[in-house]
Amino acid sequence: MKVAVIGAGAVGLFVAASLKQQGAEVALYLKNQQEQSLFENEGIYLYKKNQKTIITDIQMNPSNTKDFDGVIVCVKSYQVEQVLLDYKHVGHRHTNWLFLQNGMGHLEWIETMTSPTYVGVVEYGLLKEKEQKNRVSVKGEGRIKIAPFRGTSSAGKAEWESLFNQDVWTVLWRDDYQEMLESKLILNACINPLTALLHVRNGELVENGHYKQAMRSCFTEIIEALERSDREEKWVEVERLCKDTKENQSSMLTDLIHKRPLELDAIVGYILKRGETRGILMPTLQLVYTMLKGKQKALNKKS
Ligand SMILES: NC(=O)C1=CN([C@@H]2O[C@H](COP(=O)(O)OP(=O)(O)OC[C@H]3O[C@@H](n4cnc5c(N)ncnc54)[C@H](OP(=O)(O)O)[C@@H]3O)[C@@H](O)[C@H]2O)C=CC1
Ligand SMILES: CC(C)(CO)C(=O)C(=O)O
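Note that the structure is predicted; figures quoted are calculated from it, not measured.

Draft legend 1. Layout of the overall build of the protein. Looking only at helices and strands, one finds 12 helices and 12 strands in the protein. Counting only C-alpha atoms, the protein reaches 50 × 40 × 40 Å along its principal axes. Every one of the 303 residues in the protein was classed for burial, and the buried ones make up 52%. Counting only contacts in the protein whose residues sit at least 6 apart along the sequence, the fraction spanning at least 24 positions is 69%. Both charge centroids of the protein, one from 40 positive and one from 38 negative side chains, sit 4 Å from each other.

Draft legend 2. Here's a closer look at the nonpolar core. The biggest cluster of nonpolar side chains holds 64 residues, and the ones touching the most others in it are Phe99, Ile110, Val119, Met215, Ile222 and Ile271. Here this core gathers at least three residues from each of two domains, domain 1 (2-175) and domain 2 (180-302). Counting residues in hydrophobic clusters, the runner-up holds 39 residues, among them Phe14, Ala16, Ala17 and Val122.

Draft legend 3. Structural context of empty space enclosed by the protein. In total, this model carries 1 cavity of 30 Å³ or more according to the counting rule given. Its volume calculated, the largest cavity comes out at about 40 Å³. Forming the walls of the largest cavity are Asn192, Ser251, Met252, Asp255, Glu263 and Ile267. Along the lines of polarity and charge, the residues of the lining of the largest cavity split into 2 nonpolar, 2 polar and 2 charged.

Draft legend 4. Inspection of the site of ligand 1 at higher detail. Near ligand 1, the surroundings consist of 25 residues, among which Val11, Tyr87, Asn102, Leu126 and Glu263 are the closest. A distance of 2.8 Å separates a nitrogen atom of ligand 1 from a polar side-chain atom of tyrosine 87. Glutamate 263 has a polar side-chain atom sitting 2.6 Å from an oxygen atom of ligand 1. When ligand 1 is considered free in solution it has 900 Å² of accessible area, and contact with the protein chains removes 79% of it. Among the secondary structure elements, those contributing two or more residues to the shell around ligand 1 are α1 (10-21), α3 (80-86) and β9 (125-128). A per-class count over the shell around ligand 1 returns 13 nonpolar, 7 polar and 5 charged.

Draft legend 5. Region of interest: the sheet that holds strand β10 (residues 135-140). Strand order in the open sheet formed by 4 strands is β4-β3-β10-β9, with mixed pairing between adjacent strands. Only two strands of the sheet have a single neighbouring strand rather than two, namely β4 (51-55) and β9. Across this sheet, the average inter-strand angle for adjacent strands is 20°, counted without regard to direction. Where strand β3 (residues 44-48) meets β4, 5 bridges bridge the pair, whose relative direction is antiparallel. By the bridge assignment, tyrosine 45 is partnered in β4 with isoleucine 54.

Draft legend 6. Broad picture of the UniProt feature "domain: Ketopantoate reductase C-terminal" (unreviewed entry) in the protein. Listed under "domain: Ketopantoate reductase C-terminal" (unreviewed entry) in the UniProt record, and renumbered for this structure, are residues 178-296. Taken as a whole, residues 178-296 contains 76% helix and 0% strand, while its terminal C-alpha atoms sit 29 Å from one another.

Draft legend 7. Inspection of the environment of valine 15 at higher detail. Mapped onto the secondary structure, valine 15 falls in helix α1. Valine 15 gets classed as buried once you look at its relative accessible area, which sits at 1%. Look past the residues within four positions of valine 15 in its chain and what remains in contact with it is Val5, Ile72, Cys74, Leu100, Ile144 and Trp169.

Draft legend 8. Expanded view of helix α2 (residues 33-42). Glu35, Gln36 and Phe39 are the residues of α2 that are buried. One side of α2 carries all its buried residues, which in axial view fall inside an arc of 105°. Opposite the buried face of α2, at more than 90 degrees from it, the exposed residues are Gln33, Gln34 and Asn41. Looking at the buried side of α2, the elements it contacts are α1, β2 (25-29), β3, β5 (59-60) and β9. Two residues or fewer after α2 comes glycine 43, characterised by a positive phi angle close to 80°.

Draft legend 9. Fine view of the domain arrangement of the protein. Domain boundaries assigned for the protein yield domain 1 (2-175) and domain 2 (180-302). A separation of 26 Å is found between the C-alpha centroids of domain 1 and domain 2. Facing the 18 residues of domain 1 at the interface are 16 residues of domain 2. When domain 1 packs against domain 2, close to 1,500 Å² is buried across both sides, 66% of that on carbon and sulfur atoms. Three residues stand out in domain 1 for area buried against domain 2, namely Tyr78, Asn102 and Met104, and they jointly supply 40% of the buried area on that side. Where domain 1 packs against domain 2, one counts 2 salt bridges. The partner of glutamate 108 in a salt bridge is lysine 273, with the nearest N and O atoms 4.0 Å apart.

Rules and cut-offs
Sequence order as written defines the numbering, with residues in each chain counted from 1. Written order determines the labels here, with chains lettered from A and ligands numbered from 1. Local features in this predicted model are restricted to residues whose pLDDT is 70 or higher, and side-chain atom pairs enter the listing and the counts only when it is 80 or higher, whereas totals over whole chains, interfaces and linings include all residues. Values shown for side chains rest on all heavy atoms present in the structure; no hydrogens or waters enter the calculation. Numbering goes from the N terminus for both helices and strands, where a helix is a DSSP run of H or I of at least four residues and a strand is a run of E of at least two. Note on classification: 1.4 Å probe, protein chains only; a residue is buried when its accessible area is under 20% of the maximum for its type, exposed when over 50%, partly exposed between these limits. Contacts were defined at the residue level, with two residues in contact if any of their heavy atoms lie within 4.5 Å. In this tally Asp and Glu are treated as negative and Lys and Arg as positive; neither His nor the chain ends contributes. Every charge is mapped to an atom, namely NZ of Lys, CZ of Arg, CG of Asp or CD of Glu. Here the nonpolar core consists of buried residues drawn from Ala, Val, Leu, Ile, Met, Phe, Trp, Tyr and Cys, with membership extended through side-chain atoms lying within 4.5 Å. The split into domains, and so the bounds of each, comes from an automatic or database assignment of domains. Site definitions follow a grid-based scheme: protein atoms alone, a 1 Å grid, a 1.4 Å probe that fits but cannot get out for cavities, and for pockets an open set with protein on both sides within 12 Å along at least five of seven lines, plus lining residues having an atom within 4 Å of a point. Grid points are joined across faces, edges and corners, and a volume is the space filled by probe spheres set on the points. Ten residue types, Ala, Val, Leu, Ile, Met, Phe, Trp, Tyr, Cys and Pro, are classed as nonpolar, four, Asp, Glu, Lys and Arg, as charged, and the remainder, Gly among them, as polar. The rule for a residue being near a molecule or strand is that one of its heavy atoms must lie within 4 Å of it. For this analysis, a polar contact is any N or O atom pair within 3.5 Å, provided that within protein one partner can donate a hydrogen and the other can accept it, and provided that sequence-adjacent residues contribute only side-chain to side-chain pairs. In these tables, accessible area is a Shrake-Rupley quantity obtained with a 1.4 Å probe, and a residue counts as shielded only by the protein chains included in the view. Here the rule is simple: two strands pair whenever DSSP picks up at least two bridges between them. Interaxial angle, 0 to 180 degrees, is taken between N-to-C directions of lines fitted to C-alpha atoms, where a helix line uses only the stretch in contact. UniProt positions are given in the numbering used here, feature names are shortened, and annotations may be inferred rather than shown by experiment. Here the arc refers to the set of directions running from the helix axis out to each C-beta atom. Buried area is understood as the total, over both parts, of accessible area removed when two parts are fitted together, assessed with a 1.4 Å probe. The term salt bridge refers to a side-chain nitrogen of Lys or Arg lying within 4 Å of a carboxyl oxygen of Asp or Glu.

Written as structure tokens, this is what we have:
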């Protein structure tokens, strides 16, 4: 299978490197020319379980764009709309597209696609080094989960399944995209905004009783907005993830510190919209959303 990866951030580099490691033909599409030269000259360094692997021979921004069997989009949720415009010419009618984003805000854009479309969630903790941009580290072992979204077929599923070599990484198949994305959304919506607002690592949300109470208030509104009936099961998952990733700085806190846009609309904004259509009041979540928007504005003004 010939695969294009769009976006050379932490997820894109990990996906491109892992595919290449298992022998697939891979092309990487990226915006930054300097990074392109760096990858071409030095390769991509993948650090995993104390092992360094240098990956070379990935084609960068090839102009021959039609013959891909699969395209994997690894950009932030708010960048998906632009990617759909920029990469219209990539692939053919039957090319399978896979979108790996946090949140669910991007679904409204990919709904319009005419090619077979899949969505996935990344549970690995991945970090692209700030100073050496061809280096990506696996900070937390995990899995990638994939589910069919629109216009898919059993042949398409079989193609993806044959692509991912489970000796290199763990890629699991799910049938229900809504359940898969919502489960991850609940975790991200509980942890990411509060860690960003409070400037704390994930573990503190359960270690500090007051923070935990704040998270529980958000959680209650999230569960109601999403009409979930598995409240206590989901709360156990939230608490467990805070403990399992207690030393982690959430991606939203990291983005805030680096003055990058936040995936706030894809995560909290999406839940607020879902709740509002059913007339549900979500004062805590609304306050968190508004404060983060304000905080982001204030930080951007200072720079
Ligand atoms: N990192 C992680 O461990 C995890 C990430 N995720 C999710 O995966 C998604 C991707 O995350 P991550 O890789 O960390 O994000 P990054 O911001 O590190 O990477 C996205 C990359 O895509 C590039 N990009 C954006 N638009 C385009 C375009 N039109 N053409 C080419 N390249 C483009 C960006 O460039 P530029 O910066 O110049 O815009 C950037 O290099 C997010 O939704 C995130 O929440 C989920 C779980 C774990
Ligand atoms: C699971 C969690 C909360 C880990 O930090 C994450 O996915 C993120 O930071 O975006």
